[in-house]
Amino acid sequence: MSLFQWFIFFLIVQVIHGLGTWKLYEKAGRKSWEAFVPVYNSIVLMKIINRPTWWTLLLFIPIINLIMFPVVWVETLRSFGKNSTADTWLGIFTFGFYIYYINYTQDVKHIKERSLIARTKTGDTVSSLLFAVVVATLVHTYVMQPYTIPSSSLEKSLLIGDFLFVSKFHYGARTPMTTVAAPMVHDTLPLIHTKSYLYDDNNPESWKNKLQLPYFRFPGFEKIENNDIVVFNWPRDTLFHMYKPADRRYSKPVDKKTNYVKRCVGIPGDNLQIKNGDVYINGKMLILPERAKPQFAYNIKLKEPLSQEFVEQANINEFNRVIKIQSKLWDNEQVKKYLVDGGYKLTAVSRDSAEVNIIGGVDADLAGRLGLAYSETFFQANMTQAKAEELKKDSRVVSVDRFIKTGTEDGIYPDATDGVPSKTNNWNSDNFGPIYIPKAGAKVNLDLKTLPLYKIVITEYEGNKLEVKGSDIFINGQKATTYTFKQNYYWMMGDNRNNSLDARYFGYTPEDHIVGKPVFIWMSWDSNGKGLNKIRWDRLFTTVNGEGQPQSYFKYFLILLALYFVGDYFWKKKKANKA
């Protein structure tokens, strides 16, 4: 909805409120016209129901107001003597319209000094729970959000099983764009596995008409800089749940797209290029902070067959077995076509005159029919450069060589972003660009060569109608040779460069997709550990950013916690002695 549409909707709500409550306002000693004046009517209503004026603010905060409206309906009924359970449920299940019935048909009296203490234990419990949900939702939406690291794309900096607190206020808290949704959950309700917001399963675009607010962000005290780790909504998210098999394409509101965490390597206005796996910003190699541990793919040749013992002793977490295939068979076009037609994306990692070692998820049956087998002494692993240098000194290792992709790679941005496979450029994840990262207000030249880079930005992210007629480009019906960007964009990449679904595949991240800045690891859980070792004790209460290596503040937290309990004990003892 546009701002104008929201304004009209807001006025309609005020009229509905006024028509349903003006007589009650009069019975409370107020003027009938006060029920119709926007915002002021809410302030007056708080006085009528004997609640603090600041509750008015909660009625205008998205998501929070969904909780507050039923509370205010019930409080209004109780302020006029309607205290029964039936009155309460009628007020809630009629979405407040039961108040219309009271307003026009019942001779009720206003209870000015009514008690605000719940009459039953159940009522007290419900009131406490509602208050807790309101506070938690406020904190979750505007201050700090818990987040779990689900994948290894930032491995070494952030590990699978890290539990983070993500600050919303560093970059400025974003108000919810989806106004009707369950509090404190993301896009899917747990257990019942249905959408947490209004959604018509028969109309994937239906959410666009379901009271969507325009994008707004409060001022922050930091701007996103190169190398910042950032949580954002995955721009190309079309999955019901990103960690489950996709059944079809889903269209999602911006703030309900899957949360992602990556390192921002390029900021608005930067020129970015990737050369042999290294990122260059404005012509200079990007220098990562000390605590970042980028990982790359290395081809490893052993003197003996690969074993689980070697993997554990070398502390290798991610590796791929490679399939050995005869060179003459690999060069057979019919065989290659058979593999490709079967959906296998095969990458040659080494070859000589006799055989080729390839990576690909070829199933066992097909491998058997083609006479393929895993290499016993050759494999590929993701690791840091320091780890690679350490492995070179291992007596069991013949060679350790950095693997750099060559040729064109399928699915690299901007190819296939609209679901149509293509190869616009001869790029891959190790050699990419150069590209310009859009900055709000900046203008770029537009032609058929540059258009693929900005097509999604122009249409999906900035809401324009784009047409190409011959060699001419039309935006909103007007011929265009340039384009001026409406918002900032960022380039997000994982540190685990050969195992990260990042900007090299989905492209730019718009500013309105930014969620927040990870600041603190409060828990880290190693699913492969045993007993108490499942907890990574050295990562508890560590900061995500900062100079030098991470330092745990867990012991200081325990000391402060102990001091609190000791102090609380003596304070209560002193108070008891005085009594």
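Our subject in this report is the structure included herewith.

If you tally the helices and strands in the chain, you get 15 helices and 23 strands. When the 579 residues of the chain are sorted by exposure, 45% land in the buried category. Excluding contacts between residues fewer than 6 apart, the proportion of contacts in the chain whose partners are at least 24 apart in sequence is 68%. About 31000 Å² of surface is accessible on the chain, with carbon and sulfur atoms providing 58% of the total.

Regarding helix H2 (residues 40–48), the residues found buried are Asn41, Ser42, Val44, Leu45, Met46 and Ile48. Taken together, the buried residues of H2 touch helix H1 (3–27), helix H3 (55–58) and helix H4 (64–79). Two residues or fewer after H2 comes asparagine 50, characterised by a positive phi angle close to 65°.

A separate point is the pairing of strand S17 (residues 472–475). Sheet faces and side chains relate simply in a regular strand, where the side chains alternate between the two faces. Alignment of strand S16 (residues 466–469) against S17, held across four bridges, turns out to be antiparallel. Bridged to leucine 466 within S17 is isoleucine 475. Taking the residues between adjacent antiparallel strands as the criterion, S16 and S17 are bridged by two residues, where glycine 470 takes a positive phi near 70°. With two bridges joining them, S17 and strand S18 (residues 478–479) adopt antiparallel strand pairing.

Our focus in this paragraph is the side chain of asparagine 464. The residue asparagine 464 is located in the loop between helix H13 (451–461) and S16 in this model. A polar contact is formed between the side chain of asparagine 464 and the backbone oxygen of isoleucine 458, at a distance of 3.0 Å. Ignoring any residue separated from it by four or fewer positions in sequence, one finds asparagine 464 in contact with Ile458, Thr459, Ile475, Asn476, Tyr483 and Lys486.

A few words now on the environment of valine 322. Within the secondary structure, valine 322 is located in strand S9 (residues 318–326). Residues valine 322 and valine 349, spaced 27 residues apart in sequence, show a C-alpha to C-alpha distance of 8.3 Å.

Another aspect to go through is a nonpolar patch on the surface. Where nonpolar side chains cluster on the molecular surface, the patch consists of Phe4, Phe7, Ile8, Leu11, Ile12, Ile16, Phe95 and Phe97 and spans about 800 Å² of accessible area. Tracing the sequence through the fold places isoleucine 8 in helix H1. For isoleucine 8, a relative accessible area of 34% translates into the label partly exposed.

This part is about unusual backbone geometry. In the segment running from tyrosine 413 into proline 414, the intervening peptide bond is cis, with an omega of 5°. Checked against the element boundaries, proline 414 lands in the loop between strand S13 (397–402) and strand S14 (432–436). Note the cis peptide between glycine 433 and proline 434, where omega equals 10°. Topologically, proline 434 is positioned in strand S14. Positive phi is not limited to glycine here, since asparagine 50 has a value of about 65°. Turning to its location among the elements, asparagine 50 is positioned in the loop between H2 and H3. A relative accessible area of 32% places asparagine 50 in the partly exposed class.

Summed over the entire model, instances satisfying the criterion amount to 36 aromatic pairs. Ring centres of tyrosine 413 and tyrosine 508 lie 5.7 Å apart, and the angle between their planes is 80°; this geometry places the pair in the edge-to-face category. Here tyrosine 508 lies in the loop between helix H14 (503–506) and strand S21 (509–510) and tyrosine 413 lies in the loop between S13 and S14, a separation of 95 residues in the sequence. Of the two residues, tyrosine 413 and tyrosine 508, neither departs from the other in class, the shared state being buried. Within the aromatic cluster, the residues linked to one another by ring pairs are Tyr413, Trp427, Phe432, Tyr454, Tyr461, Tyr483, Phe485, Tyr489, Trp491 and Tyr508. Directly above the ring of tyrosine 280 sits lysine 275, whose terminal nitrogen or CZ lies 4.7 Å from the centroid.

Looking now at the sheet that holds strand S6 (residues 278–281). The strands making up a sheet are joined through hydrogen bonds of the backbone, oriented either antiparallel or parallel. Across the sheet, four strands lie side by side as S7-S6-S5-S14; this open sheet has antiparallel pairing. With one partner strand each, in any of the chains shown, strand S7 (284–285) and S14 form the two edges of the open sheet. Where S6 lies against S7, two bridges are found, and the strand directions are antiparallel. Bridge assignment links isoleucine 281 to a residue of S7, and that residue is lysine 284.

On to the pattern of salt bridges, then. Side chains that differ in charge, positive against negative, can pair when their charged atoms come close. Considering all chains together, one arrives at 18 salt bridges under this definition. Here arginine 30 makes a salt bridge to glutamate 34, at a shortest N to O gap of 3.0 Å. The class for glutamate 34 is buried, based on a relative accessible area of 4%. Among the ionic pairs, aspartate 187 bridges to lysine 195, the shortest N-O distance being 3.9 Å. Since its relative accessible area comes to 10%, aspartate 187 is described here as buried. What makes lysine 195 buried here is its relative accessible area of 8%.

Rules behind the numbers
Residues numbered from 1 in each chain as written. Predicted model: local features only at pLDDT ≥ 70, side-chain atom pairs only at ≥ 80, totals over all residues. Heavy atoms only, no water. Helix = DSSP H or I, 4+ residues; strand = E, 2+ residues; numbered from the N terminus. Buried < 20%, exposed > 50% of the residue type's maximum accessible area, 1.4 Å probe, protein only. Contact = heavy atoms within 4.5 Å. Areas by Shrake-Rupley, 256 points an atom, 1.4 Å probe, with all protein chains shown as cover. Pairing = 2+ DSSP bridges. Polar contact = N/O pair within 3.5 Å; in protein donor to acceptor, adjacent residues only side chain to side chain. Patch = residues over 30% accessible without salt bridge, like charges linked within 9 Å, V, L, I, M, F, W, Y side chains within 5 Å. Salt bridge = Lys/Arg side-chain N within 4 Å of Asp/Glu carboxyl O. Phe/Tyr/Trp six-rings, centres within 6.5 Å; stacked < 30°, edge-to-face > 60°. Lys NZ or Arg CZ within 6 Å of the ring centre and 35° of its normal.

That's the geometry; what it means functionally is another story.
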